[in-house]
Each structure stands twice: as C-alpha cells, then as structure tokens.
Amino acid sequence: MRRLFPLSAPSVPAPDAENTVVGALDPTDREWTLDELADAYAYPAADDPVRSGRTGWLRANMVSSVDGAAHHEGRSQPLSSDADMRIFGVLRGLADAVVVGAETVRQEGYRPARAREAFAARRAAAGQGPAPAIAVVTAGLGLDFTLPLFTEPLAPTLVLTGAGAPADRVAEARAAGVEVLFAGEGQGVDPARVAGLLAGRGHTRLLTEGGPMLLGQFAAAGALDELCLSLAPVVAVGDAPRIMNGPAVPVPERFALASVLEEAGFLFTRYRRS
C-alpha cells in the first residue's frame, strides 16, 4: 500500500549534496500496519473545528466497481480485496457504533462486531467498549431476533425505527431483549435524528456500511460527514445500484478529498464535508 494523497513535503537536500533529485517521491509500496491505518483513519477530535455544530461524526464505508456498481449479485464481497477488508476492520475498530440498514443485514448475513486485540488498548484509551454496537435501521422490523446479531453481541444491538412502526413487531423485538429506539415520528427513521440519538447514548464515532438506500438518505438529509470509498479495479455491469440511492438533493453537496491510498489497483479514498 502507498499513499497518493496528501503527499509528504519533499526533503530539501544539503547544499553540498550531489546527484539528488529535489522533490523526489518515496515509491515505497508495503503493507501498512493496523496502527498506521488506524492513525490514517482516526476520527476528528471533539474540539476539531470540522466538527463544529455536529453532535457526532458519521462516516460511511462503501466499495464500488469502476463502472459504479455497489455490489455484485447482491453482495459487496466480490468487489473487495484483502486491503479493503483490512480497512473495513480498522474502521470498525475505531467506531462506537456501526449503523446499517435492515436489508444489508439480511443480504450480508450480519453478525455481532467482535473484539480485536489489535484495537483493545486504543479503544480502552478512548473510553470505548471492546467492540462497536450494531444499530440496525428499519421501518417494518422485518428481522429475525433469534440470530446471533441480537442474541450474542458484545455490545447490545440496537434497532432504530420510527414511532409509527408496527407495534406488534416492536413488542416482539423487546420481548426478545432487543433495545428499540425511535428516531422518527412516522413509520421509518428520520436520518437527521440518528447521530443525535446515538450521541445521547455515548456513541459519537459512527460508521455506516449502507446499504445504498440508507446512505442516500443520510446524504440527502445533510447528515453524512465523511465518505470512505474503496474503488475496485473491476467492471461489474449488471443493474446493481450506485453506492447511494435516494432522493435527489436540490444542490449537489461539495465534499473535500482528505486522502487516497492505493494497493494492487484499488484506490482507498476519503472525502469530508467541505
């Protein structure tokens, strides 16, 4: 893996140096350690001006083929790579909570986030538990509450829905020991309320892994702070959606490029709200 952006300032040779190319770049391509990746993807500090007025920080992690497909035959794994999975693990290792749509939970066979020794000290120093909580966004609560995601988590799995969600499904979830939180007045979730609701429970470092509809809703509501996009050097064709699929915004919102890493043709980009 190598960093393409931002580049380190070139070293200036001593006046008597010979045969030195000023501004030459270090072409080193190596596997980064998990600590190096964690530093590269660290959340902004609470007093960072970029977080002014934000109750939490919501970043998204998505992968796309070069022709814009968010998945292949319903799953993101065919677009991934070893480096992509390392970054996936690092982003989870830094998060307080992972916010994900119910359809993605079903399609990807979600399980509870696991504790990883590599992040134990970092999480303890940040006052975090051993693993992030999973927060499932759903309107109809069409979920199987007997699955390990709900019965075996290190941090209790949360279900986010609207106050108008089916009462029988809410009761069934709570009877199974699942904590149901209302983040909207209608049947579904108001995406603009999710970060504040979770921040009230101490979850300020948020990561969403989609799917495309949920991510589109966050973006359209102005709730998305950062996008970590892995661009896979593959062509998928087909009719898969883009990484965001939702209502159009009146004016396209500008994001600023924060960093670009590369490995084996994959580009790992990070964009922040301007």
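Counting restarts for each chain, with residues numbered from 1 along the sequence as it is written. Where local features are concerned, this predicted model is filtered to residues with pLDDT of at least 70; where side-chain atom pairs are given and counted, the filter is 80 or more; whole-chain, interface and lining totals use all residues. Values shown for side chains rest on all heavy atoms present in the structure; no hydrogens or waters enter the calculation.

Now for the packing of aromatic side chains. Any Phe, Tyr or Trp ring, taking Trp's six-membered ring, that has another such ring centre within 6.5 Å forms a pair; planes under 30 degrees apart are called stacked, those over 60 apart edge-to-face, and the others tilted. A full pass over the atoms with the stated rule returns 2 aromatic pairs. For the ring pair Phe-145 and Phe-150, a centre distance of 5.1 Å and an interplane angle of 70 degrees mean the geometry is edge-to-face. Taken individually, Phe-145 and Phe-150 each receive the classification buried, so the pair is uniform in this respect. A centroid spacing of 6.1 Å and a plane angle of 10 degrees characterise the contact between Phe-266 and Phe-268, whose relative ring orientation is stacked. Here the two residues Phe-266 and Phe-268 agree in accessibility, since each one is buried. Looking at Arg-59, its charged tip hangs above the ring of Tyr-43, at a distance of 4.1 Å from the centre. Over the ring of Tyr-41 we find Arg-270, and its NZ or CZ is 5.7 Å from the ring centre. When accessible area is computed with a 1.4 Å probe and restricted to protein chains, residues below 20% of their type maximum are described as buried, those above 50% as exposed, and intermediate ones as partly exposed. A positively charged side chain is recorded as over a ring if its NZ (Lys) or CZ (Arg) lies within 6 Å of the ring centre. The angle to the ring normal must also be within 35 degrees.

Tracing the sequence through the fold places Thr-33 in the loop between strand E1 (2–5) and helix H1 (34–40). Residues Thr-33 and Arg-86, 53 residues apart in the sequence, show an inter-C-alpha distance of 9.5 Å. Helix and strand assignments come from DSSP, with helices taken as H or I runs of at least 4 residues and strands as E runs of at least 2, each series counted from the N terminus.

Quick look at empty space enclosed by the protein now. With a 1 Å grid laid over protein atoms only, a set of points is called a cavity when a 1.4 Å probe fits there but cannot get out and a pocket when it is open yet has protein on both sides within 12 Å along at least five of seven lines; lining residues have an atom within 4 Å of a point. Grid points are joined across faces, edges and corners, and a volume is the space filled by probe spheres set on the points. The final tally for this structure, using the stated rule, is 1 cavity of 30 Å³ or more. Computed from the structure, the largest cavity encloses a volume of approximately 30 Å³. Lining the largest cavity are Pro-112, Ala-113, Ala-131, Pro-132, Ile-134, Pro-153, Leu-154, Ala-155 and Thr-157. Each residue is assigned to one of three groups, with Ala, Val, Leu, Ile, Met, Phe, Trp, Tyr, Cys and Pro labelled nonpolar, Asp, Glu, Lys and Arg labelled charged, and all others, Gly among them, labelled polar. The residue inventory of the lining of the largest cavity, partitioned by class, reads 8 nonpolar, 1 polar and no charged.

Bringing the pairing of strand E9 (residues 255–263) into the picture now. Note on pairing: DSSP must find at least two bridges between two strands before they are called paired. Bridging between E1 and E9 involves 3 bridges; their strand directions are antiparallel. In the strand pairing of E9, Phe-5 is matched with Val-260. Alignment of E9 against strand E10 (residues 266–273), held across 8 bridges, turns out to be antiparallel. Within E10, the position partnered with Glu-262 by the bridge is Leu-267. Hairpin connection between E9 and E10: a loop of 2 residues separates the two successive antiparallel strands, and Ala-264 in this loop has a positive phi of roughly 50 degrees.

We now examine the confidence of the model for the chain. Confidence of the predictor at the level of single residues is given by pLDDT, which spans 0 to 100. Across the chain, the average pLDDT comes to 91, with 93% of residues at 70 or higher. Any pair of residues with heavy atoms lying within 4.5 Å of one another is described as a contacting pair. Within the model, the stretch residues 17–26 combines pLDDT values under 50 with 5 contacts to residues more than four positions away or in other chains.

Here we take up unusual backbone geometry. The step from Phe-5 to Pro-6 runs through a cis peptide bond, and the omega angle for that step is -5 degrees. Within the fold, Pro-6 resides in the loop between E1 and H1. Of the consecutive residues Gly-210 and Gly-211, the connecting peptide bond is found in the cis state with omega at 5 degrees. Topologically, Gly-211 is positioned in the loop between strand E7 (205–208) and helix H8 (212–220). The phi angle at Val-237 is positive, at roughly 50 degrees, despite the residue not being glycine. You can see Val-237 is positioned in the loop between strand E8 (226–232) and E9. The phi torsion at Ala-264 lies on the positive side, around 50 degrees, for a residue other than glycine. With respect to the secondary-structure elements, Ala-264 resides in the loop between E9 and E10.

Computed from the structure, the largest pocket encloses a volume of approximately 1300 Å³. In terms of lining, the largest pocket is formed by 48 residues, of which the most central are Thr-104, Glu-108, Tyr-110, Glu-209 and Gly-210. Those elements that provide at least two residues to the lining of the largest pocket are strand E2 (57–65), helix H2 (82–94), helix H3 (102–108), helix H4 (117–125) and H8. Ranked by residues supplied to the lining of the largest pocket, first place goes to H2 with 7 residues. What the second largest pocket holds in volume is close to 600 Å³. Along the wall of the second largest pocket there are 20 residues; nearest its centre are Ala-219, Arg-242, Met-244, Glu-253 and Phe-255. When residues of the lining of the second largest pocket are traced back to their parent elements, those giving at least two are H8 and E8. The element that contributes the greatest number of residues to the lining of the second largest pocket is H8, accounting for 3 residues. Residue classes in the lining of the second largest pocket are distributed as 13 nonpolar, 5 polar and 2 charged.

Axis angle and axis distance: for two packed helices, these are the angle between their axes and the distance between the axes, and together they describe the pair. Axis definition: a line fitted to C-alpha atoms, over the contacting stretch in the case of helices. Angles run 0 to 180 degrees between N-to-C directions. Relative orientation of the contacting elements H2 and H4 amounts to 30 degrees, with a least axis distance of 9 Å. Of the possible angle classes, the one that applies to H2 and H4 is roughly parallel. Judged by the twist between their axes, the crossing of H2 over H4 is right-handed. Two secondary-structure elements touch here, H2 through Gly-89, Val-90, Arg-92, Gly-93 and Leu-94 and H4 through Phe-119, Arg-122 and Arg-123. Grouping the amino acids of the contact of H2 with H4 by side-chain chemistry returns 3 nonpolar, 2 polar and 3 charged. Throughout, the term roughly parallel applies to angles under 35 degrees, roughly antiparallel to angles over 145, roughly perpendicular to angles from 65 to 115, and oblique to all others. Left-handed describes a crossing whose near helix is turned anticlockwise from the far helix by less than a right angle; the clockwise case is right-handed.

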